[in-house]
Amino acid sequence: MKTFYLYLYGRKECCLCQGLEERLLDLPLEKLEPPLKLNLIDIYDKKTSEKIRDQYDLKVPVLEIVSNDYKDTFELPRVSPRLKGESLMLWLKQNLR
C-alpha cells in the first residue's frame, strides 16, 4: 500500500515556514484522500543535502507530495500565508487532485 508524505521544506528562522508548519500540524492530514503524513525538512540542517539546500533556499516554504516508492512526486503551488484551518485543508484537497 502506498503511503504519501507531505514534505515541508523550510528554515528554522523563517517566520513564513514556522507559520505554515504550525498551521499544518493543526490539520487532520490523515483524513485527506490520499492520507498524508507530514515531514519537516530544515534545509540548513547538517543532514540535508546541499542539492536540496540549493534547490529550495530562495523558495521556502515549499510543500511537496512524495509517495513511499517515489513514483509519485510533485511540488504544490505556493500556499498563501493567510490560509489556515478549513481553508488550508480545502486548498490541500484541491491540489491533491
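Before reading further, recall that the structure is shown in the block above.
Everything in this summary refers to the structure shown in the same document. (Residues numbered from 1 in each chain as written. Predicted model: local features only at pLDDT ≥ 70, side-chain atom pairs only at ≥ 80, totals over all residues. Heavy atoms only, no water.)

1. Side note on the environment of L92
Link 1 in the chain: Inspection of the secondary structure puts L92 in helix 3 (residues 85–95).
Link 2 in the chain: Distance from L92 to L76, taken between C-alpha atoms, is 8.7 Å for residues 16 residues apart in sequence.
Link 3 in the chain: Non-local contacts of L92, meaning those with residues more than four positions away in its chain, are made with L6, L24, L27, L29, L32 and L76. (Helix = DSSP H or I, 4+ residues; strand = E, 2+ residues; numbered from the N terminus. Contact = heavy atoms within 4.5 Å.)

2. Some thoughts on the packing of aromatic side chains
Link 1 in the chain: Counted by the stated rule, this structure contains three aromatic pairs.
Link 2 in the chain: Three or more aromatic residues joined by ring pairs form one cluster here, namely Y5, Y7, Y9 and Y56. (Phe/Tyr/Trp six-rings, centres within 6.5 Å; stacked < 30°, edge-to-face > 60°.)

3. Some words on the pairing of strand 1 (residues 4–10)
Link 1 in the chain: A large share of strand 1 lies buried, amounting to six of its seven residues.
Link 2 in the chain: Here strand 1 pairs with strand 2 (residues 36–42) via seven bridges, running parallel. Along strand 2, the bridge assignment pairs Y7 with N39.
Link 3 in the chain: The β-α-β motif built from strand 1, the intervening helix 1 (residues 15–25) and the parallel element strand 2 has right-handed crossover chirality.
Link 4 in the chain: Pairing analysis gives six bridges linking strand 1 to strand 3 (residues 62–67), with the strands arranged antiparallel. Among the inter-strand pairings, L8 is bridged to a residue of strand 3, identified as L63. (Buried < 20%, exposed > 50% of the residue type's maximum accessible area, 1.4 Å probe, protein only. Pairing = 2+ DSSP bridges. Right-handed = clockwise from strand over helix to strand, strands pointing away.)

4. As for the sheet that holds strand 1
Link 1 in the chain: Across the sheet, four strands lie side by side as 2-1-3-4; this open sheet has mixed pairing. If you trace the sheet from one side to the other, it starts and ends with strand 2 and strand 4 (73–75), each paired once. For this sheet the average axis-to-axis angle between neighbouring strands, irrespective of direction, equals 20°.
Link 2 in the chain: Helix-sheet contacts for helix 1 involve strand 1, strand 2 and strand 3, and the interaxial angle to strand 1 is about 155°. (Axes fitted to C-alpha atoms, helices over the stretch in contact; angles between N-to-C directions.)

5. Notes on helix 1
Link 1 in the chain: Among all positions of helix 1, only C17, G19, L20, R23 and L24 are buried. Viewed end-on, helix 1 has its buried residues packed into an arc of 165°, placing them on one side of the element. Residues of helix 1 that are exposed and point over 90 degrees away from its buried face: C15, E22 and L25.
Link 2 in the chain: Of the surrounding secondary structure, the elements contacted by the buried residues of helix 1 are strand 1, strand 2, strand 3 and helix 3. (Arc of directions from axis to C-beta.)

6. As for the pattern of salt bridges
Link 1 in the chain: For the structure shown, the criterion picks out five salt bridges.
Link 2 in the chain: Two residues, K2 and D69, come together in a salt bridge whose shortest N-O distance is 3.7 Å. Of this pair, K2 sits in the segment before strand 1 while D69 sits in the loop between strand 3 and strand 4; the two residues are 67 residues apart in sequence, bridging distant segments of the chain.
Link 3 in the chain: The shortest N-O distance in the salt bridge between R11 and D57 comes to 3.6 Å. Taken together, the positions of R11 in the loop between strand 1 and helix 1 and D57 in the loop between helix 2 (50–56) and strand 3 put the pair 46 residues apart, joining distant regions of the chain.
Link 4 in the chain: On the basis of relative accessible area, R11 is assigned to the partly exposed category, the value being 21%.
Link 5 in the chain: Through salt bridges that share partners, K2, D69 and D72 make up one connected network. (Salt bridge = Lys/Arg side-chain N within 4 Å of Asp/Glu carboxyl O.)

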